[in-house]
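A structural walkthrough
One letter stands for each residue in the lines below.
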Amino acid sequence: MKYRRVGNSGIQVSEIGLGSWLTYGTAAEQEAADACIRTAFEHGINFFDTANAYNRGAGEEAVGAALKPYRRSSYVLSTKVYFPMDSGPNDRGLSRKHIMEQCEASLKRLGTDYIDIYFCHRYDEGTPLEETLRALDDLTAQGKILYAAVSEWSGPQIAESAEIGRRLNLRPLIANQPIYNMFERYIERDVMGVSARNGLGQVVFSPLAQGVLTGKYKPGAELPQNSRAANDQVNGVIRSYLQERVLACVQKLEGTAERAGLTLSQLALAWVLRRPEVSSAIIGASRPVQIEENVKAVETQLPEDLLSEIESILHEVRDFAPAR
């Protein structure tokens, strides 16, 4: 495993991280979470990501239980706050009230005294940004979180938060967690640049496009049984990827990967990690073998001619935009 610093901070995370969106506490049992996290440790993964909103806290509980056997200082644990956790008017967003209350709830569910990286899961238009940033700074001062970060914030939102932080002498944000894969590249336009100038690294999710970039879904074929796409409880996003032209593109990419001696998922992860702005690519896994395959991507450097071939293939779906 290789490790990278998160933005301008001193903390280092594995280039491949393990997440729990749509897996632990949702579509996978605790036994699977335990096995996957054990395999992750065996392969040098030290970064584990979850969120309070993942199955209304069940994701955090599953990750916390699976991490219990391991020395707390041996891993980096992140979770998030923003999405509704109940029906009340203050049970959502990035108000000081919601942030403080949900941090305490997350600590209990995770079974830990502190969170390494605490992400604002989305931007909150209804709360003054200064209020949000001061609450995060206070949690850091209290030792309940070590670093604050954001997720899916735009370039201007990141720039404004950095300016407020400097003006108020707050501890800086260290990361943004956006979606980033071969089909969804919006952060290349301005988010990466703005983040780099303000000391934030990119900790990206869905680098395999919900599993589409594993090659398991074929044009004109039935959905594989027990796959995420076939599960109506968790396939809301992935369905938009399952267009014939996208799957045809995936097949071409699979041929490129085979000629390079890689699996498609290894190619897709190495492609994401080619960018120095990326601190870690967060994968999801319900089986240890998926982790064993994906971690090999850190050993791969994609040459320029291969990157050019990939760009030529991706040009065919340059206007693709998944439904959200």
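Residues numbered from 1 in each chain as written. Predicted model: local features only at pLDDT ≥ 70, side-chain atom pairs only at ≥ 80, totals over all residues. Heavy atoms only, no water.

1. Section: the overall build of the protein
- Scanning the protein from terminus to terminus reveals ten helices and ten strands.
- Taken over C-alpha atoms, the radius of gyration comes to 19 Å for the protein, in line with the 20 Å a tight globule of 324 residues would show.
- Principal-axis analysis of the C-alpha atoms gives the protein an extent of 50 × 40 × 35 Å.
- By residue count, 56% of the 324 residues in the protein fall in the buried class.
- Here the protein displays about 14000 Å² of accessible surface, and carbon together with sulfur accounts for 46% of that area.
- Within the protein, one finds 36 positive and 41 negative side-chain charges whose respective centroids are separated by 2 Å. (Helix = DSSP H or I, 4+ residues; strand = E, 2+ residues; numbered from the N terminus. Rg over C-alpha atoms; globule rule 2.2 N^0.38 Å. Buried < 20%, exposed > 50% of the residue type's maximum accessible area, 1.4 Å probe, protein only. Areas by Shrake-Rupley, 256 points an atom, 1.4 Å probe, with all protein chains shown as cover. Lys, Arg positive; Asp, Glu negative; His and termini not counted. Charge placed at Lys NZ, Arg CZ, Asp CG, Glu CD.)

2. Structural notes on the environment of isoleucine 238
- Looking at the element boundaries, isoleucine 238 is found in the loop between β9 (201–205) and α7 (244–259).
- For isoleucine 238, a relative accessible area of 0% corresponds to the buried category.
- When the C-alpha positions of isoleucine 238 and valine 212 are compared, they lie 7.8 Å apart, and in sequence the two are 26 residues distant.

3. Observations regarding the packing of aromatic side chains
- Under the definition given, this model contains nine aromatic pairs.
- Relative to phenylalanine 83, the ring of tyrosine 82 lies with its centre 4.9 Å away and its plane at 80°, an arrangement referred to as edge-to-face.
- By the ring-pair criterion, three or more aromatic residues cluster together here, those being Phe41, Phe48, Tyr70 and Tyr75.
- Cation over ring: arginine 72 sits above tyrosine 114, and NZ or CZ is 4.0 Å from the ring centre.
- Sitting over the face of the ring of tryptophan 271, arginine 274 holds its NZ or CZ atom 3.9 Å from the ring centroid. (Phe/Tyr/Trp six-rings, centres within 6.5 Å; stacked < 30°, edge-to-face > 60°. Lys NZ or Arg CZ within 6 Å of the ring centre and 35° of its normal.)

4. Side note on the side chain of glutamine 266
- Its place among the elements puts glutamine 266 in helix α8 (residues 264–273).
- Glutamine 266 has contacts with Glu293, Lys296 and Ala297, leaving out every residue within four places of it along the chain. (Contact = heavy atoms within 4.5 Å.)

5. What to know about the pairing of strand β7 (residues 145–150)
- Where strand β6 (residues 115–120) lies against β7, five bridges are found, and the strand directions are parallel. Pairing of phenylalanine 119 across the sheet is with alanine 149, part of β7.
- Chirality of the crossover, the property in question, places the unit of β6, helix α4 (residues 129–141) and β7 among those that are right-handed. (Pairing = 2+ DSSP bridges. Right-handed = clockwise from strand over helix to strand, strands pointing away.)

6. Observations concerning the pairing of strand β5 (residues 76–81)
- With six of six residues buried, β5 lies mostly within the body of the structure.
- Across the two faces of β5 the burial is the same, with Val76, Ser78 and Lys80 and Leu77, Thr79 and Val81 all buried.
- Across three bridges, strand β4 (residues 47–49) lies against β5 in parallel orientation. Each bridged residue has a counterpart across the sheet, and for aspartate 49 the counterpart in β5 is serine 78.
- Following the chain from β4 across helix α2 (residues 58–67) to the adjacent parallel β5, one finds a crossover that is right-handed.

7. Description of the pattern of salt bridges
- With the rule as written, the count across this model stands at 19 salt bridges.
- When the shortest N-O distance is used, the salt bridge between arginine 171 and aspartate 137 registers 3.0 Å. Remark: aspartate 137 occurs in helix α4 and arginine 171 occurs in the loop between α5 (155–168) and β8 (175–176); sequence separation between them is 34 residues.
- Take arginine 171: its relative accessible area is 45%, and that puts it in the partly exposed class.
- Of the charged contacts in the structure, one is a salt bridge between aspartate 319 and arginine 245, with a shortest N-O distance of 3.0 Å. You can see aspartate 319 sitting in the segment after α10 (304–314) and its partner arginine 245 sitting in helix α7, a full 74 residues away along the chain.
- Exposure remark for arginine 245: the relative accessible area of 36% places this residue in the partly exposed category. (Salt bridge = Lys/Arg side-chain N within 4 Å of Asp/Glu carboxyl O.)

8. Observations regarding the packing of helix α3 (residues 96–110) against α4
- Contact pair α3 / α4: the axes reach a minimum separation of 9 Å and the direction vectors enclose 30°. Between α3 and α4, the angle falls in the class roughly parallel. Crossing of α3 against α4: the hand is right-handed. Where α3 abuts α4, its residues Arg96, Ile99, Met100 and Cys103 lie against Glu131, Thr132, Arg134, Ala135, Leu136, Asp138 and Leu139. (Axes fitted to C-alpha atoms, helices over the stretch in contact; angles between N-to-C directions. Parallel < 35°, antiparallel > 145°, perpendicular 65-115°, else oblique. Left-handed = near helix turned anticlockwise from the far one by under 90°.)

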